[in-house]
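Structural description and commentary
Listed below are the residues making up each chain.
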Amino acid sequence: MALLFCSESAKAQDAVDKVYMLDGKVNEGTVKAMEDNAITFVYTGESLEYSLEKSKINKIVFGSGRTQVINEAAAPVTAAAVASANSRNKLVVLPFTMISNESSLTTDAMGEEIQHTTINSFMDNTRGLTILDPMTTNALLLKNNLNANTIKAKLPQEVAKLLGVEFVVYGTANINYEGTMTFGSTSTTYKDKDKRGSKDREKSGKEFSSSSSSTSDNYDTTIEMSIYNDQGQTVHSVKRNGFGSSLDKYQATINYVVKRTPWGDKHK
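Worth saying up front: this structure is predicted, and the values here are computed from it rather than measured.

1. Some words on the overall build of the protein chain
Along the protein chain, the regular secondary structure elements total six helices and 12 strands. Expressed as a percentage of the 268 residues in the protein chain, the buried residues total 31%. Pairs at least 24 apart in sequence give 56% of the contacts found in the protein chain among residues at least 6 apart. For the protein chain, the computed accessible surface area is about 17,100 Å², with 49% contributed by carbon and sulfur atoms.

Below, the structure is given as structure tokens:
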């Protein structure tokens, strides 16, 4: 019994207090006193007393086994947290999916052209966003063997993580050729002619007519746009028929749609 008591006493004497600092450092020794704003501390193997500010201490684990928390430690910053913070308010526009009865309008080049138009519209008509430029976007997609069609196999949150953004814009342009339209017009003018050589004034005139016509191609256009955040949630979704009948009327339609997104000038 005496030997057991001596052994336990030696362990108690060897036990040290551990002061865990908020910067990750651990001080081992003995806590001599606890004051309002600091503690008095002696390092193991020394006799000099130090004053450690409580504002810099996370916790104290005493030699007895008791733990006293002074300040809660901040959660460790992870790579995922840093990436999430860096992606805030960043938006990417993917190349548009093209649907048309004309093969010349279903090419990747046309999808990228409308992608560029949409990016320019976001830059001109929205506030509070950082827009990823199309060259960077398409290069990253190419490196990952993705295009406007194959990217559909990935979830929106996966695409957002891949491109380092918070918002992803998916778009579809449905542009169908509907034939030609001819416009004609006719105008008539009447010219008076005075003869003043006689006592009585005579009037005579001639009627002139002219006509003109023009022919233009007619297209029916519908723009669909869906925006997702990096959690896979739908932020905005809209479908809009185009204005007018020309091929480039998709530009005005895209401007109309973008202005009414949550960051747009016309958002209500």
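Alright, that's what it looks like, and here's the rest.
2. Some remarks on the pairing of strand 5 (residues 57-61)
Across four bridges, the pairing between strand 1 (residues 17-21) and strand 5 is antiparallel. Counterpart to Val19 in the pairing with strand 5 is Ile60. Pairing between strand 5 and strand 6 (residues 67-69): three bridges, direction antiparallel. Bridge pairing in strand 6 links Ile60 to Gln68.

3. Here's the deal with the packing of aromatic side chains
On inspection of all chains with the given rule, the structure shows five aromatic pairs. Ring geometry for Phe41 versus Tyr43: centroids 5.0 Å apart, planes at 90°, classification edge-to-face. Among the residues examined, Phe41 registers a relative accessible area of 0% and is labelled buried. We classify Tyr43 as partly exposed; its relative accessible area is 22%. Measuring from centroid to centroid gives 5.2 Å for Tyr43 and Tyr50, while their planes differ by 80°, and the two rings are edge-to-face. A residue is classified by how much of its surface remains accessible, and Tyr50, at 34% relative accessible area, is partly exposed. Pairwise contacts between aromatic rings join Phe41, Tyr43 and Tyr50 into one cluster. The aromatic ring of Tyr20 is capped on one face by Lys59, whose charged end is 5.0 Å from the ring centroid. Sitting over the ring of Tyr256, Arg260 keeps its end group 3.7 Å from the ring centre.

4. A few points about the packing of helix 3 (residues 108-125) against helix 4 (residues 134-143)
The N-to-C vectors of helix 3 and helix 4 enclose an angle of 135°; their axes lie 11 Å apart at closest approach. By the angle between their axes, helix 3 is oblique relative to helix 4. On helix 4, the residues touching Glu112, Gln115, His116 and Ile119 of helix 3 are Pro134, Thr137 and Asn138. By residue class, the composition of the contact of helix 3 with helix 4 is two nonpolar, four polar and one charged.

5. Observations regarding the pattern of salt bridges
If you walk through the whole model with that rule in mind, you get four salt bridges. Glu166 is the salt-bridge partner of Arg88, the closest N and O atoms lying 3.2 Å from each other. Of the two residues, Arg88 is situated in the loop between helix 2 (79-86) and strand 7 (90-93) and Glu166 in the loop between helix 5 (156-163) and strand 10 (167-195); the sequence distance between them amounts to 78 residues. For Glu166, a relative accessible area of 12% translates into the label buried. For Arg88, the salt bridge goes to Asp230, with nearest N and O atoms at 2.4 Å. Placement of Arg88 in the loop between helix 2 and strand 7 and of Asp230 in the loop between strand 11 (202-229) and strand 12 (234-241) is noted, with a sequence separation of 142 residues between them.

6. With respect to the layout of surface pockets
For the largest pocket, the calculated volume is near 280 Å³. In terms of lining residues, the largest pocket is bounded by 16 residues, among which Pro95, Asp108, Glu112, Asn147 and Ala148 are the most central. Counting residues per element, the ones that place at least two in the lining of the largest pocket are strand 8 (97-99), helix 3 and helix 4. Along the lines of polarity and charge, the residues of the lining of the largest pocket split into seven nonpolar, seven polar and two charged.

Criteria and thresholds
- Residues numbered from 1 in each chain as written.
- Predicted model: local features only at pLDDT ≥ 70, side-chain atom pairs only at ≥ 80, totals over all residues.
- Heavy atoms only, no water.
- Helix = DSSP H or I, 4+ residues; strand = E, 2+ residues; numbered from the N terminus.
- Buried < 20%, exposed > 50% of the residue type's maximum accessible area, 1.4 Å probe, protein only.
- Contact = heavy atoms within 4.5 Å.
- Areas by Shrake-Rupley, 256 points an atom, 1.4 Å probe, with all protein chains shown as cover.
- Pairing = 2+ DSSP bridges.
- Phe/Tyr/Trp six-rings, centres within 6.5 Å; stacked < 30°, edge-to-face > 60°.
- Lys NZ or Arg CZ within 6 Å of the ring centre and 35° of its normal.
- Axes fitted to C-alpha atoms, helices over the stretch in contact; angles between N-to-C directions.
- Parallel < 35°, antiparallel > 145°, perpendicular 65-115°, else oblique.
- Nonpolar A, V, L, I, M, F, W, Y, C, P; charged D, E, K, R; others polar.
- Salt bridge = Lys/Arg side-chain N within 4 Å of Asp/Glu carboxyl O.
- 1 Å grid on protein atoms, 1.4 Å probe; cavity = no way out; pocket = protein on both sides within 12 Å on 5 of 7 lines; lining within 4 Å.
- Points joined across faces, edges and corners; volume = space filled by probe spheres on them.

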